[in-house]
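# Descriptive structure summary
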Amino acid sequence: MIVVTGATGNVGRELVRTLAAAGEKVAAVSRTPAPVPYGVEHRRADLTAPGSLRGAVDGADALFLLVAGDDPDALLGLAAAGGVRRVVLLSSQGAGTRPEAYRHPVAFEDAVRRSGLEWTILRPGGFDSNALAWAESIRTSRTAAAPFADVGLPSVDPADVAEVAAAALTGTGHTGRTYELTGPAAVTPRQRAAAIGDAVGAPVRFAEQSREEARARMLEVMPEAVVEGTLAILGDPLPAERAVSPDVERVLGRAPRSFADWAARNAAAFR
């Protein structure tokens, strides 16, 4: 059995669907009850309270783990005690490119590597689904606002991240690998807004925010260190953060999906 933590999130939801459709036995774990597809079992646990994972991993041999909570060693120890032999960690590109700003995922990566379990680490860049932050403003005023309008980054479709995770959880040849996951091309915020406009069949106006305006909004939902690291990536990305990684294609045997593909599949959120 495969346990998927964060089963209601952008990646976790897709991963549960992908695994269940492939006939895998799956337990979907989240802090609150949620509908899950294909009759998948839901188990309640909160990664910020490691003890709650004890019952959630019973009978599992593989675990998809989020970076959440402050005690990765306890989480991994409980997983191993429950029978887990393989763990796939959803980390962040920033753990490799800006470790001082992304200490939380770095700590989880270190814990996974010393856990004694078979492990695979996924380091996605920004998600295409981050554009859902624009959903309300696009629905109500056909406007999207973001800083650094013309700085392009190769954001990744969460569905591609989920498919790579499914391959690592169920296949061979992934143990001890760290995969950098990106989309097929760098796309700017202005271009993302235009792609959503194409998807909904109506022009979307782009309004460029200042760095301070964006920072103030981000601080409402993110820790300050992560905000500063994120703004640095968005505004002055390193070469490694601008680069398109071959890892999605290496694992899946196909090119990653484009942002336009994601926008077309999610157009209803912006109408």
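Just above, that's the structure.
What this report covers is the structure whose coordinates are included nearby.

Thresholds, definitions, all that
- In this convention, every chain numbers its residues from 1, walking through the sequence in written order.
- In keeping with the predicted nature of the model, local features appear solely for residues at pLDDT of at least 70, side-chain atom pairs appear and are counted solely at 80 or more, and the whole-chain, interface and lining totals rest on all residues.
- Only hydrogens and water are set aside; all other atoms, that is, all heavy atoms of the structure, feed into the side-chain values.
- Secondary structure counts use DSSP, requiring at least four H or I residues in a row for a helix and at least two E residues in a row for a strand, with both numbered from the N terminus.
- For this measure, only C-alpha atoms enter the radius of gyration; the expected value for a globule follows 2.2 Å times N^0.38, where N is the number of residues.
- Accessibility here uses a 1.4 Å probe with only protein chains present; expressed as a share of the type maximum, an area under 20% marks a residue as buried, one over 50% as exposed, and anything in between as partly exposed.
- The arc under discussion is defined with respect to the helix axis, by the directions toward the C-beta atoms.
- Working definition: a ring pair exists when centres of Phe, Tyr or Trp rings (six-membered ring for Trp) sit within 6.5 Å. Plane angles under 30 degrees give stacked, over 60 give edge-to-face, the rest tilted.
- Put simply, a nonpolar core is a bunch of buried Ala, Val, Leu, Ile, Met, Phe, Trp, Tyr and Cys residues held in one set by side-chain atoms that sit within 4.5 Å of each other.
- Residue contacts are defined here by distance: any two heavy atoms, one from each residue, within 4.5 Å place the two residues in contact.
- Two N or O atoms form a polar contact when they lie within 3.5 Å of each other; inside protein one atom must be a possible hydrogen donor and the other a possible acceptor, and for residues adjacent in sequence the pair counts only when both atoms belong to side chains.
- By the convention used here, strands pair only if DSSP detects at least 2 bridges between them.
- Angles run from 0 to 180 degrees between N-to-C directions of axes, and those axes are lines fitted to C-alpha atoms, restricted for helices to the stretch in contact.
- Every crossover in which the path from the first strand over the helix to the second runs clockwise, viewed with the strands pointing away from the viewer, is termed right-handed.

## Brief notes about the overall build of the protein chain
Secondary structure summary: the protein chain contains 13 helices and 9 strands in total. Against the globule reference of 18 Å for 271 residues, the protein chain gives a C-alpha radius of gyration of 19 Å, in line with a compact fold. If one aligns the C-alpha atoms of the protein chain with their principal axes, the spans along those axes are about 50 × 40 × 35 Å. Put simply, the protein chain has 271 residues, and 50% of those count as buried.

## Looking at helix α3 (residues 72-81)
Taken as a whole, α3 has its buried residues at Pro72, Leu75, Leu76, Leu78 and Ala79. Within α3, the buried residues cover an arc of 160° as seen down the axis, which keeps them to one side. Positive phi shows up at Gly83, right after α3, with a value of about 110°.

## Quick word on the packing of aromatic side chains
Here the structure, examined in full by the defined rule, presents 3 aromatic pairs. Judged by centre distance (6.4 Å) and plane angle (75°), the rings of Trp134 and Phe206 are edge-to-face. Placement of Trp134 in the loop between β6 (118-124) and α6 (135-141) and of Phe206 in strand β9 (residues 205-209) is noted, with a sequence separation of 72 residues between them. Side by side, Trp134 and Phe206 carry an identical accessibility label, which is buried.

## Brief notes about unusual backbone geometry
With a phi close to 50°, Arg142 is a non-glycine residue in the positive phi region. Along the chain, Arg142 falls in the loop between α6 and β7 (143-147). The partly exposed category is assigned to Arg142, whose relative accessible area is 25%. Within the chain, Phe148 stands out as a residue other than glycine whose phi angle is a positive 55°. Residue placement: Phe148 occurs in the loop between β7 and α7 (158-170).

## Comments concerning the nonpolar core
One finds Val4, Leu15, Leu19, Phe64, Leu122 and Leu169 to be the most contacted residues of the largest nonpolar core, which totals 29 residues. Mapped onto this core, the elements with two or more residues apiece are β1 (2-5), α1 (10-21), β2 (26-30), β4 (62-66), β5 (86-90), α7, β8 (177-181) and α12 (247-252). Once you skip the residues sitting within four places of it in the chain, Leu122 turns out to touch Phe64, Val88, Leu89, Leu90, Ser91, Ser92, Val161, Val164, Ala165, Tyr179 and Leu181. Counting residues in each nonpolar core, the second largest holds 24 residues, with Val57, Leu76, Phe108 and Leu117 among its members.

## Some thoughts on the environment of Thr230
Mapped onto the elements of the fold, Thr230 is located in helix α10 (residues 224-235). Assessed through its relative accessible area of 17%, Thr230 is described here as buried. For Thr230 and Arg98, which are 132 residues apart along the polypeptide, the C-alpha to C-alpha distance reads 9.7 Å. For Thr230, the contacting residues outside a window of four places in its chain are Tyr102, Met218 and Met222. At 3.2 Å, the side chain of Thr230 and the side chain of Tyr102 are in polar contact.

## Here we look at the side chain of Ser92
Position of Ser92 relative to the elements: it lies in the loop between β5 and α4 (94-97). Once you skip the residues sitting within four places of it in the chain, Ser92 turns out to touch Tyr102, Pro105, Glu109, Leu122, Arg123 and Pro124.

## A look at the sheet that holds β4
The sheet built from 7 strands is open, its strands ordered β3-β2-β1-β4-β5-β6-β8 with parallel pairing. Strand pairing shows two members of the sheet lacking a second neighbour, β3 (41-44) and β8, which therefore form its edges. Going across the sheet, the axis of each strand differs from the next one's by a mean of 20°, ignoring polarity. The strands touched by α1 are β1, β2, β4 and β5; relative to β1, the strand with the most contacts, the crossing angle is about 160°. Running at roughly 160° to β6, helix α5 (residues 103-113) makes contact with β4, β5, β6 and β8 of the sheet.

## A word on the environment of Asp261
Among the structural elements, Asp261 can be located in helix α13 (residues 259-265). Once the C-alpha coordinates of Asp261 and Asp157 are considered, the two residues, 104 residues apart in sequence, prove to be 8.8 Å apart.

## Regarding the pairing of β2
In regular strands, side chains alternate between the two faces of the sheet. Most of β2 is tucked away: 5 of the 5 residues are buried. Across the two faces of β2 the burial is the same, with Val26, Ala28 and Ser30 and Ala27 and Val29 all buried. At this point the chain moves from β1, through α1, to the parallel β2, and the crossover so formed is right-handed. Here 4 bridges tie β2 to β3, and the two strands are oriented parallel to one another. Opposite Val29, over in β3, you have Arg43 as the bridge partner.

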